[in-house]
Amino acid sequence: MNKPNGEKPPQQPYPYTWVSDAELNLDSRYLVKGLIEQGSFTLIFGPSGSGKSFFTADLAQHIATGTQWRGRKVNQSLVVYVASEAGASILKRFVGWRENRLGEAAERIPLAVLTRGPNLILKQQVEYLRNQLAYMQDEAKLPIGWIVFDTLSRSMPGGDENKAEDMTEVISAADYLRDEFRAATGFVHHSGKDVERGARGHSSLFAAADCVLRVDERVATIDKVRDGVSGERFPFSLQPIILGQDSDGEDVTTCLLSESETGAQPLRPMKGLGKNQKPILDAIRQLVSDEGVRSPGTSAIPAGVLTVRFESLCARMEPKFPGMKPWQVKRRVGEAITGLEGSGHAGVHGEHVWLR
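Scoring rules and cut-offs
- Residues numbered from 1 in each chain as written.
- Predicted model: local features only at pLDDT ≥ 70, side-chain atom pairs only at ≥ 80, totals over all residues.
- Heavy atoms only, no water.
- Helix = DSSP H or I, 4+ residues; strand = E, 2+ residues; numbered from the N terminus.
- Contact = heavy atoms within 4.5 Å.
- Axes fitted to C-alpha atoms, helices over the stretch in contact; angles between N-to-C directions.
- Parallel < 35°, antiparallel > 145°, perpendicular 65-115°, else oblique.
- Nonpolar A, V, L, I, M, F, W, Y, C, P; charged D, E, K, R; others polar.
- Phe/Tyr/Trp six-rings, centres within 6.5 Å; stacked < 30°, edge-to-face > 60°.
- Buried < 20%, exposed > 50% of the residue type's maximum accessible area, 1.4 Å probe, protein only.
- Lys NZ or Arg CZ within 6 Å of the ring centre and 35° of its normal.
- Patch = residues over 30% accessible without salt bridge, like charges linked within 9 Å, V, L, I, M, F, W, Y side chains within 5 Å.
- Areas by Shrake-Rupley, 256 points an atom, 1.4 Å probe, with all protein chains shown as cover.
- Salt bridge = Lys/Arg side-chain N within 4 Å of Asp/Glu carboxyl O.

Draft legend 1. Here's a closer look at the environment of glutamate 250. For glutamate 250, the position within the fold is in the loop between strand E10 (233–245) and strand E11 (251–259). In this structure glutamate 250 touches Gly244, Gln245 and Val293, once residues within four positions along its chain are discounted.

Draft legend 2. Seen up close, the packing of helix H6 (residues 277–291) against helix H8 (residues 326–342). Running from N to C, H6 and H8 point in directions that differ by 85°, and their axes come no closer than 9 Å. By the angle between their directions, the pair H6 and H8 is classed as roughly perpendicular. Contact residues: Gln277, Ile280, Leu281 and Ile284 in H6; Arg332, Val333, Ala336, Ile337, Gly339 and Leu340 in H8. A breakdown of the residues in the contact of H6 with H8 according to their chemical character gives 7 nonpolar, 2 polar and 1 charged.

Draft legend 3. Spatial organisation of the packing of aromatic side chains. Applying the stated criterion across every chain yields a total of 7 aromatic pairs. Seen from their ring centres, phenylalanine 55 and tryptophan 69 are 5.9 Å apart, and the 80° between their planes marks the pair as edge-to-face. In this pair, phenylalanine 55 sits in helix H1 (residues 52–65) while tryptophan 69 sits in the loop between H1 and strand E4 (78–82), placing the two residues 14 residues apart along the sequence. For the pair phenylalanine 55 and tryptophan 69, one class covers both residues: buried. Here the aromatic cluster, defined as three or more aromatic residues joined through ring pairs, consists of Phe55, Trp69, Phe234 and Phe236. Seen from the ring of phenylalanine 54, arginine 93 lies directly overhead, with NZ or CZ sitting 4.1 Å from the centre. The ring centre of phenylalanine 206 lies 5.0 Å from the NZ or CZ of lysine 224, which sits over that ring.

Draft legend 4. Representation of a nonpolar patch on the surface within the structure. On the surface, Leu91, Val95 and Leu243 cluster together into a nonpolar patch covering about 190 Å² of accessible area. Of note, valine 95 is situated in helix H2 (residues 91–102). Looking at valine 95, the relative accessible area reads 31%, which means it is partly exposed.

Here you go:
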C-alpha cells in the first residue's frame, strides 16, 4: 500500500502484513510434525508419579536425535532441558536412555541438561539464560529447537501460579526466548487435585499454549493443539533398568520409556483410595523411579521388584503433613500403606515397600 501523502512511516516495532500481500509458507519448520512446531509453546502436565517427565524427556530425545516419534517426522535440533526440580538426579534417566538405546557408537548428542535453572519472573536471570543458550547453540553448531522447563513451579520460585501477573511474566519469558532463538518452548507442570480439570494455576497458561498434553496413568492425551484435532492418546510404559552399583554394592536404577498399546494397564484404579493413600501411592511410584533397589527375592518379597525404604517414604511425605511431628507422619504413612497393601496397590515387609 502507498504511504499516505508520501509521509515517512513512523518507527514500527511490530511487524505486520497486509492480507492482500500475504503468502503462506507451506513448508514451515516443525520439530515433531503435527505436534510441536517451531516457535510454539507446549504445556505437558499431570499428577506426581504420572510419568510426565519421562514422557517429556522421550520427546526431547527424539528431537535431539532426529528420529521419528510414534510415526511422526522429526527435524533434528538442539534441545535444552532445564531440570529445575530434579536437578542432577535427572541425569540418570538420560544416561540410561543413552546407554540402552543408542549404545557406544552414538555421536555427540545435541541434548543438554541444565541441572539448575533461572527464576523466569526475574528479567536479569532470563537474560543470563539467553546468553548461555546462545553460547550453547554456537558450541553445538545446531539451532536450538526446544527449550524445556521442568517444572513450571520450580522455574518461578517466590511467584504465585494463581496470579495472572506472575503467570504473565513466565509466559513473557518463554516468548522472549522463542523470539530470540526461533525455538519452541515447553513447560512440565503439575495438575490440580483433579487431573481432568486441567493444569494447576491461572488459566492464562492454558490459553497461551499451542499444544497441551495431559499425562495420567501412563497415557499422554492431547487436550489442545493449534490447527489440529485434540483427543489423540499416546500410551507408554516404564521399564526399570539397572545402571550399575553404588559404593555399598546396591543397584542404581532408573526407567526406560517404551511405547505401549494400553498405557498403565497394570496399575490398579485409584478410585476408592483414602485421602492419604493416593498421595502416598504417588510418592511410592516416584521413589521407586528415583531410587528403587531391585530385590533378589525373599520368602516375603518377590524377586525382581524395586523396593524403597519406609524411612525414605516418610521423609518424602513430611512436607505433605505440615505441623506434624516425624513420629506422627510415620504413623499416618504406616496406616495408609496398610490400606494400600489390603487393596493390592502396594506390598510391605519390614522396612521395604514396593508396588504391586
